[in-house]
Amino acid sequence: MSPSPRISRRAALRGAVVVGVGAAVGGATILTTSSASADVPSPDIAGCADWGARAPGGLTQLPNGANKIVIHHTASANQADTSKEAAFQLARDIQGWHMDGNGWADSGQHFTVSRGGYVMEGRHTSLDHLSSGSGMVQGAHAPGANTDGIGIENEGTYTSETPPAALYDSLVTFCAYICQQYGIPSSEIYGHRDFVATACPGEAFYAMLPQLRADVQAVLDGGGNPGAWSVTIDNGDAGFTMGAGWALSSYAADKHGDNYAFASPAAEDGTAVFSAEIPEEGVYSIETWHGALPGYNPSAPFTVHAGDGDHAVTVDQTSNGGQWVGLGQFTLPAGQRDLVSVSRRTDGAGYVLADAIRVTKV
Ligand SMILES: [Zn+2]
């Protein structure tokens with residue numbers, strides 16, 4: 001999918017600072033960013049066919065998208081089995097309860113999140129709509145919100161217990177993705193009980209909704225999932241290498257650490273590379289830090305080496321010094337990898353800097 005429509009939606013929603021989105025060049029996606037920007041990639045979502053759903057009855061397709069998210073708990077056991085198999089079994093069980101027990105056409109909710117953090121489609125066609133950010137299937141999860149709210153069933157009973165971290169972290173990322181796709185503000189995340197007299201999603205989980213809204217907003221802002229795994233690689237760390245043409249300086253006042261690497265623009269090779277050990281496959285926010293001076297490069301060429309290929313991002317190093325500047329969110333595989341390269345090949349005048357990067361799981 002082209003990133004343009006998704007960024008446009010987010011920009012419209014948040015007044016985002018993305019200043020330009022270009023075409024693919026040499027197979028790489030070109031993003032131009034001036035400050036924080038996030039493009040929340042889709043998390044892994046198991047479709048109905050993946051978990052073995054039964055064929056549904058008649059479903060009502062709506063032309064409108066969703067304008068809110070409704071959080072539920074399944075009120076089933078807080079089971080210890082956090083495997084994918086257990087998650088898929090839960091999805092089949094819920095569909096059975098809803099079709100055979102309630103006489104509904106399909107699972108009532110649009111999506112399900114297991115205690116292991118697996119995200120699954122509930123009602124058929126929910127995933128297609130979410131992927132396109134267009135239209136929705138009418139749900140059967142909360143009277144008053146079935147025609148404009150995305151219902152998410154979260155596995156477990158959270159009247160006194162809170163959801164496990166695997167579920168919560170996955171829900172944060174998933175809700176951010178939904179908000180992005182449909183242009184829903186993070187403030188529009190509700191509990192089932194906001195619409196009808198019910199204990200759902202449980203007293204303990206309901207009390208966490210303000211935190212959930214804040215954590216979802218942090219992901220949309222490009223800062224990653226607060227409290228999630230994060231690592232910083234400074235140019236002084238072992239994960240940094242620099243090629244021909246690069247040297248160290250401590251001149252800029254708002255640098256990260258003791259010094260930073262710099263190079264003059266040139267048509268020849270010579271890159272600075274930040275490497276990191278990624279703990280598990282997933283979506284990560286990547287940011288960079290530089291000490292800014294008016295004479296530094298306005299279009300420093302960064303490349304993020306993500307799981308789906310290289311992404312070129314241009315960073316203005318004449319401003320936004322002394323702070324983390326978002327390069328975007330990327331799906332990364334587990335393991336040690338060269339993550340971010342800074343090249344000398346730029347038309348912009350002034351030194352190109354490589355100072356530090358920060359990688360945060362979202
Ligand atoms: Zn509910």
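A. Focus on the pattern of salt bridges. Enumeration according to the criterion identifies six salt bridges in this entry. The shortest N-O distance in the salt bridge between Arg344 and Glu268 comes to 3.8 Å. Taken as a pair, Arg344 in the loop between β20 (335-342) and β21 (352-354) and Glu268 in the loop between β14 (260-263) and β15 (272-278) lie far apart in primary sequence, 76 residues in all. Judged by relative accessible area, which is 8%, Arg344 ranks as buried. The partly exposed category is assigned to Glu268, whose relative accessible area is 47%.

B. Structural context of the coordination of the zinc ion. Note on the zinc ion: its protein donors are His72 (ND1), His192 (ND1) and Cys200 (SG). The metal-donor distances range over 2.0 to 2.3 Å. Read in sequence order, the donor residues for the zinc ion give the motif H-x119-H-x7-C. Here His72 is found in strand β5 (residues 68-73), whereas its partner Cys200 is found in the loop between β10 (189-191) and α6 (203-206), with 128 residues between them in sequence. For the pair His72 and Cys200, one class covers both residues: buried.

C. Molecular detail of the confidence of the model for the chain. For the chain, per-residue confidence averages 88 on the pLDDT scale, and 88% of positions sit at 70 or higher. Here residues 1-37 is a poorly scored stretch, pLDDT under 50, and it has 76 contacts once near neighbours within four places are set aside; other chains count.

D. Representation of helix α5 (residues 165-182) within the structure. Given a rise of 1.5 Å per residue, 18 residues ought to cover 26 Å, and the 26 Å separating the end C-alpha atoms of α5 matches this to within 8%. Most of α5 sits out of view: 15 of its 18 residues are buried. Following α5 by one or two positions, Gly183 has its phi on the positive side, about 70 degrees.

E. Region of interest: the environment of Val273. With respect to the helices and strands, the residue Val273 is situated in strand β15. Accessibility expressed as a relative area gives 10% for Val273, which makes it buried. Note: C-alpha distance between Val273 and Gly239 (34 residues apart in sequence) is 8.0 Å. Contacts of Val273, omitting those with residues within four sequence positions, involve Gly239, Phe240, Thr241, Asp338, Val340 and Ser341.

F. Seen up close, the pairing of strand β22 (residues 356-361). Along β22, five of the six residues are buried, which leaves the element largely enclosed by surrounding structure. As paired strands, strand β16 (residues 282-289) and β22 are joined by six bridges and run antiparallel to one another. Each residue of the ladder has a partner; that of Ser285, found in β22, is Thr360.

Procedures and definitions
- Residues numbered from 1 in each chain as written.
- Predicted model: local features only at pLDDT ≥ 70, side-chain atom pairs only at ≥ 80, totals over all residues.
- Heavy atoms only, no water.
- Salt bridge = Lys/Arg side-chain N within 4 Å of Asp/Glu carboxyl O.
- Helix = DSSP H or I, 4+ residues; strand = E, 2+ residues; numbered from the N terminus.
- Buried < 20%, exposed > 50% of the residue type's maximum accessible area, 1.4 Å probe, protein only.
- Donors = N, O, S within 2.8 Å, 3.2 Å for Na, K, Ca; no water.
- pLDDT = per-residue confidence, 0-100.
- Contact = heavy atoms within 4.5 Å.
- Expected span 1.5 Å × (residues − 1).
- Pairing = 2+ DSSP bridges.

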